[in-house]
Amino acid sequence: MIKVTYLDHSGFAITTPTAIMVFDYYKDPDKKLHKVLEADKELPVLFFVSHHHPDHFNTSIFELAQDRKRTYILAYDIFSKLVPKTGLSVAWMTPGDIIDSIPGIRQVKAYGSTDAGVSYAITLEDGSVIFHAGDLNDWHWSEESTKEEIAKAEAKFTTIVNRIAEEIPEIKIAMFPVDARMGADFARGAEIFLTKVKVDNFFPMHFWGEPQKACDFASYVPPVAHTKCYCLDKPGQSVEI
């Protein structure tokens, strides 16, 4: 069993039988992360940070779970001066990097992003894969961007997604931006991703206070995807898979 808990924005805590993974901790208004950590005190805790933007990276993560075996997996663009120099196990990743020596998981691979930092594919001990996109998305605003800008953005995004699709036959859980600020094409990236990559369970994120759009899955999940979608639209909500 895997338990997925929504913290806020792009932040999630995922509990598996062998590890607790915390992604892009920004804030936790419901104070749910503490409860997640207390529920399984024997499990190692892995903190993943996809990039340096303040809505994805909060330095308070270095003060969490101090009584536990913890590892920090950080994107290459996190300023080293913000990371404590001693007492922590830290792994830095750039796109293409693979690490297979982290307690509680089999492997983590960093893929590219269309904004800052990286996206992460984590292979669990049972071989299933969890994907956190960070800010990987088809970022463009059709009402403002030129045709050339839209084509360039989509080409860059599609190149990364094609590589993911080639290397990962199936993703068990995917957390992906569905940002309503983008207007008419707010879910274009998710639509492309779900068309090209087989995803069993999909969680929208990064919806900036407009979950009603992010959770309108019928507007962008392709019928061929056969993906189960979850709407965790309030901090502290969780679901078991």
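For the structure, check the block above.
Residues numbered from 1 in each chain as written. Predicted model: local features only at pLDDT ≥ 70, side-chain atom pairs only at ≥ 80, totals over all residues. Heavy atoms only, no water.

Engineer: Honestly, the overall build of the chain in this entry has me stumped. Any pointers?
Structural biologist: When helices and strands are counted, the chain shows four helices and 14 strands. Taking the principal axes of the C-alpha coordinates as reference, the chain spans close to 50 × 35 × 35 Å. Classification of the 241 residues of the chain by burial places 55% in the buried group. Put simply, 61% of the contacts in the chain that link residues at least 6 apart link residues at least 24 apart. (Helix = DSSP H or I, 4+ residues; strand = E, 2+ residues; numbered from the N terminus. Buried < 20%, exposed > 50% of the residue type's maximum accessible area, 1.4 Å probe, protein only. Contact = heavy atoms within 4.5 Å.)

Engineer: Help me understand the packing of helix α2 (residues 147–167) against helix α3 (residues 188–196) in this model?
Structural biologist: Relative placement of two packed helices is described by the angle separating their axes and the distance separating the axes. Closest axis-to-axis distance for the α2/α3 pair is 10 Å, and the angle between their directions is 30°. By the angle between their axes, α2 is roughly parallel relative to α3. For α2 against α3, the interelement crossing comes out right-handed. Counted together, Glu154, Phe157, Thr158, Val161, Asn162, Ile164 and Ala165 of α2 and Arg188, Gly189, Ile192, Phe193 and Lys196 of α3 form the full contact between these two elements. Considering only residue class, the contact of α2 with α3 consists of six nonpolar, three polar and three charged. (Axes fitted to C-alpha atoms, helices over the stretch in contact; angles between N-to-C directions. Parallel < 35°, antiparallel > 145°, perpendicular 65-115°, else oblique. Left-handed = near helix turned anticlockwise from the far one by under 90°. Nonpolar A, V, L, I, M, F, W, Y, C, P; charged D, E, K, R; others polar.)

Engineer: Mind showing me how you'd approach the environment of Val108 here?
Structural biologist: Relative to the helices and strands, Val108 is located in strand β8 (residues 107–111). It is 9.2 Å that separates the C-alpha atoms of Val108 and Ile73, two residues lying 35 residues apart in sequence. Sequence-distant contacts of Val108, that is, excluding residues within four places in its chain, are made with Phe48, Met93, Asp97, Ile98, Ile99, Ile102, Tyr120, Ala121 and Ile122.

Engineer: I tried to follow α3 on my own but got confused; where do I start?
Structural biologist: Residues of α3 that are buried include every one of Gly189, Ala190, Ile192, Phe193 and Leu194, and no others. Against β10 (129–132), α2, β11 (171–177) and β12 (199–205) lie the buried residues of α3.

Engineer: Could you clarify how one ought to interpret the sheet that holds β12 in this entry?
Structural biologist: Within a sheet, adjacent strands bond to each other through the backbone by hydrogen bonds, running parallel or antiparallel. Read from one edge to the other, the open sheet built from seven strands follows the order β7-β8-β9-β10-β11-β12-β13, with strand pairing classed as mixed. Looking at strand neighbours, the two that pair on one side only are β7 (98–99) and β13 (228–229), the edges of this open sheet. The pairing of β8 with strand β9 (residues 119–123) spans five bridges and is antiparallel. Bridge pairing links Lys109 to Ala121 in β9. Most of the contacts of α2 go to β8, to which it runs at about 155°, and overall it touches β8, β10 and β11. On the sheet, α3 packs against β10, β11 and β12 and is oriented at approximately 160° with respect to β11. (Pairing = 2+ DSSP bridges.)

Engineer: Even after reading the chapter, I still don't get the nonpolar core, so can you show me in this structure?
Structural biologist: Core analysis: the largest hydrophobic core is formed by 64 residues, its most contacted members being Met21, Phe48, Ile164, Ile171 and Phe193. Excluding anything up to four places from it in sequence, Met21 contacts Phe12, Ala13, Ile14, Thr16, Leu46, Phe48, Ile105, Ile122, Leu124 and Ile130. (Core = buried A, V, L, I, M, F, W, Y, C linked by side-chain atoms within 4.5 Å.)

Engineer: Is there a simple way to think about the pairing of β11 in this case?
Structural biologist: In summary, the side chains of a regular strand alternate between the two faces of the sheet. With six of its seven residues buried, β11 lies for the most part within the structure. Pairing between β10 and β11: three bridges, direction parallel. The partner of Ile130 across the bridge, within β11, is Ile173. Two elements, β11 and β12, share six bridges in a ladder whose sense is parallel.

Engineer: What exactly am I supposed to notice about the side chain of Asp135 here?
Structural biologist: Inspection of the secondary structure assignment puts Asp135 in the loop between β10 and α2. Notably, Asp135 is buried but unbridged: the nearest opposite-charge side chain belongs to Arg181, and the N-O separation is 7.0 Å. Polar contacts involving the side chain of Asp135 include one to the side chain of His51, which spans 3.1 Å. (Lys, Arg positive; Asp, Glu negative; His and termini not counted. Salt bridge = Lys/Arg side-chain N within 4 Å of Asp/Glu carboxyl O. Polar contact = N/O pair within 3.5 Å; in protein donor to acceptor, adjacent residues only side chain to side chain.)

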